[in-house]
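Structural overview
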Amino acid sequence: MSHTVESAVIVAIDGPAGTGKSSTSKAVAAALGLSYLDTGAQYRAITWWMISNGVDTADPAAIAAAADKALIVSGTDPAAPTITVDGADVAAAVRSHEVSAQVSAVSAVPEVRTRITGLQRAIAAGAARGIVVEGRDIGTTVLPDAHLKIFLTASPEARAARRSAEIKGSDVEATRQALVRRDAADSGRATSPLAKADDAVEVDTTELTLQQVVDRVIGLVEERRTAAR
Ligand code: DC
């Protein structure tokens with residue numbers, strides 16, 4: 001299958017938390033005029049719905065039974081991404097410590113992944129100019145035919161420092177431990193774990209500024225566009 005890179009370019013950006021996925025993905029999408037999808041926000045939204053509706057997030061069967069109930073809508077403008085559940089704006093609520101602590105358990109349930117993966121593919125297919133999709137399994141499972149796959153990494157110390165700078169008053173060491181725990185759960189789950197696709201370009205962001213990472217990714221998109229001509 002030949003990719004129509006000119007009409008709709010699909011960029012998958014995967015990696016663990018705190019590697020700069022969101023900042024990079026939004027900046028690349030904005031610079032290239034593409035849509036942007038934060039798939040972590042979708043998993044957070046379904047987790048928020050489970051907690052709000054009294055579903056026991058330690059019970060995979062209960063989560064599976066409720067996997068289709070929440071109506072999750074993602075706004076894909078990189079300048080102002082949005083996320084709603086049953087019409088309510090949950091952008092702030094999904095960032096709570098409570099959701100962060102339970103999202104790995106909810107997102108490990110196969111029925112949840114099937115549901116959310118379906119939403120993601122529909123959004124990507126509907127993005128006329130193309131899209132940057134960030135997550136954990138985008139290059140491996142959700143969009144295996146993406147034109148460009150990036151896998152971002154950074155040292156646990158750098159990731160914890162970035163995350164705690166985002167969350168006022170947080171403790172760097174506690175943040176580091178929570179990140180390492182979440183990565184282990186996300187990488188170790190049976191269904192669609194956090195993983196680098198064989199054909200992904202790995203970028204270690206530990207020593208790079210955000211602008212350097214963005215420039216690198218934009219350069220790679222341009223390379224693929226030229227190669228496709
Ligand atoms: O990117 P984030 O930290 O907001 O993601 C929250 C959680 O969602 C993450 O710990 C694992 C899960 N997730 C996933 O399983 N698959 C994705 N494509 C994106 C996120």
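The structure we're discussing is the one just above.
What you see is a predicted model; the values in this text were computed from it and never measured. (Residues numbered from 1 in each chain as written. Predicted model: local features only at pLDDT ≥ 70, side-chain atom pairs only at ≥ 80, totals over all residues. Heavy atoms only, no water.)

Section: the site of the ligand
The cut-off we apply is this: The cutoff for a nearby residue is simple: one of its non-hydrogen atoms must lie within 4 Å of the molecule or strand. Note on areas: Shrake-Rupley with a 1.4 Å probe; residue coverage comes only from the protein chains shown. Helix and strand definitions follow DSSP, with helices as H or I runs of at least four residues and strands as E runs of at least two, each counted in order from the N terminus. Gly is put with the polar residues, along with every residue not named as nonpolar or charged; the nonpolar set is Ala, Val, Leu, Ile, Met, Phe, Trp, Tyr, Cys and Pro, and the charged set is Asp, Glu, Lys and Arg.
Taken together, 16 residues sit near the ligand, with R44, R113, R182, D186 and R189 positioned nearest. Compared with its free state, where it exposes 450 Å², the ligand has 98% of that area covered by protein. Of all elements in the fold, only helix 2 (39–52), helix 4 (97–107) and helix 8 (172–188) reach the threshold of two or more residues within the shell around the ligand. Sort the elements by how many residues they give to the shell around the ligand and helix 2 lands first, with four residues. The residue makeup of the shell around the ligand, split by class, is three nonpolar, five polar and eight charged.

Some words on the pairing of strand 3 (residues 72–75)
Test applied: Relative accessibility thresholds used throughout: buried, under 20% of the residue-type maximum; exposed, over 50%; partly exposed, between the two (1.4 Å probe, protein chains only). For two strands to pair, DSSP has to find at least two bridges joining them.
Here strand 3 shows one buried face, formed by I72 and S74, and one open face, formed by V73 and G75. In this sheet, strand 4 (residues 82–85) lies alongside strand 3 in antiparallel orientation, the contact comprising four bridges. In the sheet register, V73 faces strand 4, and the bridge partner there is T84. Between strand 3 and strand 4, which pair antiparallel in sequence order, lie six residues.

What about the pattern of salt bridges?
In plain terms, the rule: When a carboxyl oxygen of Asp or Glu lies within 4 Å of a side-chain nitrogen of Lys or Arg, that pair is called a salt bridge.
Tallying each qualifying case throughout the model produces seven salt bridges. Residues participating in the shared-partner salt-bridge network are R136, D186 and R189.

Some details on the sheet that holds strand 2 (residues 35–38)
Heads up, the condition is: Axes here refer to lines fitted to C-alpha atoms; in helices the fit is confined to the stretch in contact. Angles between the N-to-C directions go from 0 to 180 degrees. Whether two residues are in contact is decided by their heavy atoms: any pair within 4.5 Å suffices.
With parallel pairing, the five strands of this open sheet are ordered in space as 2-6-1-7-8. At either margin of the open sheet sits one strand with a lone partner, and together these are strand 2 and strand 8 (201–204). For this sheet, the mean inter-axis angle between neighbouring strands, taken without regard to orientation, is 20°. Bridge analysis of strand 7 (residues 148–153) against strand 8 gives four bridges, and the strand direction is parallel. Residue pairing across strands places L152 opposite V203, the latter belonging to strand 8. The sheet contacts of helix 2 involve strand 2 and strand 6 (130–135), and relative to strand 2 the element is tilted by about 45°. Across the sheet, helix 9 (residues 210–228) lies against strand 1 (9–14), strand 7 and strand 8, angled at about 160° from strand 7, the strand it touches most.

Here we look at unusual backbone geometry
Of note, D86 is a non-glycine position whose phi angle comes to about 50°, a positive value. Relative to the helices and strands, D86 resides in the loop between strand 4 and strand 5 (88–89). Unlike most non-glycine residues, S192 shows phi in positive territory, near 50°.

Examining the side chain of R136
Note that R136 resides in the loop between strand 6 and helix 6 (138–142). Not counting residues within four places of it along the chain, the set of residues in contact with R136 comprises D14, G15, P16, A17, K21, R182, D186, R189, P193, L194 and A195.

Structural notes on the packing of helix 2 against helix 4
Applicable threshold: Put simply, angles under 35 degrees are roughly parallel, angles over 145 are roughly antiparallel, angles from 65 to 115 are roughly perpendicular, and the rest are oblique.
Two elements in contact, helix 2 and helix 4, have axes whose closest approach is 9 Å; the angle formed by their N-to-C orientations is 100°. What the angle tells us is that helix 2 and helix 4 run roughly perpendicular. Of helix 4, the residues touching helix 2 (which contributes Y43, R44, I46, T47, W48, M50 and I51) are E98, V99, S100, Q102, V103, V106 and S107. Grouping the constituent residues of the contact of helix 2 with helix 4 by class yields eight nonpolar, four polar and two charged.

Overview of helix 9
For clarity, the cut-off: In a helix, the anticipated span is given by 1.5 Å times the number of residues less one.
Its 19 residues give helix 9 an end-to-end C-alpha distance of 27 Å, which sits within 8% of 27 Å, the value for a rise of 1.5 Å per residue. Looking at the buried positions of helix 9, the neighbouring elements they touch are strand 1, helix 1 (21–32), strand 7 and strand 8.

Considerations on the nonpolar core
Under the convention used in this document: Among buried residues, those of type Ala, Val, Leu, Ile, Met, Phe, Trp, Tyr and Cys that are joined through side-chain atoms within 4.5 Å constitute a nonpolar core.
M50, I72 and V112 are the most contacted members of the largest nonpolar core, which totals 21 residues. When contributions to this core are tallied by element, the ones reaching two or more residues are helix 2, strand 4, helix 4 and helix 5 (110–126). Sorting elements by how many residues they give to this core places helix 2 first, with six residues. Those residues in contact with V112, other than ones at most four positions away along the chain, are Y43, I46, I63, A67, V106 and S107. If you look at the next biggest cluster of nonpolar residues, it comprises 20 residues, including V9, L32, V132 and V221.

Keep in mind that these numbers describe shape and distance, not what the molecule does.
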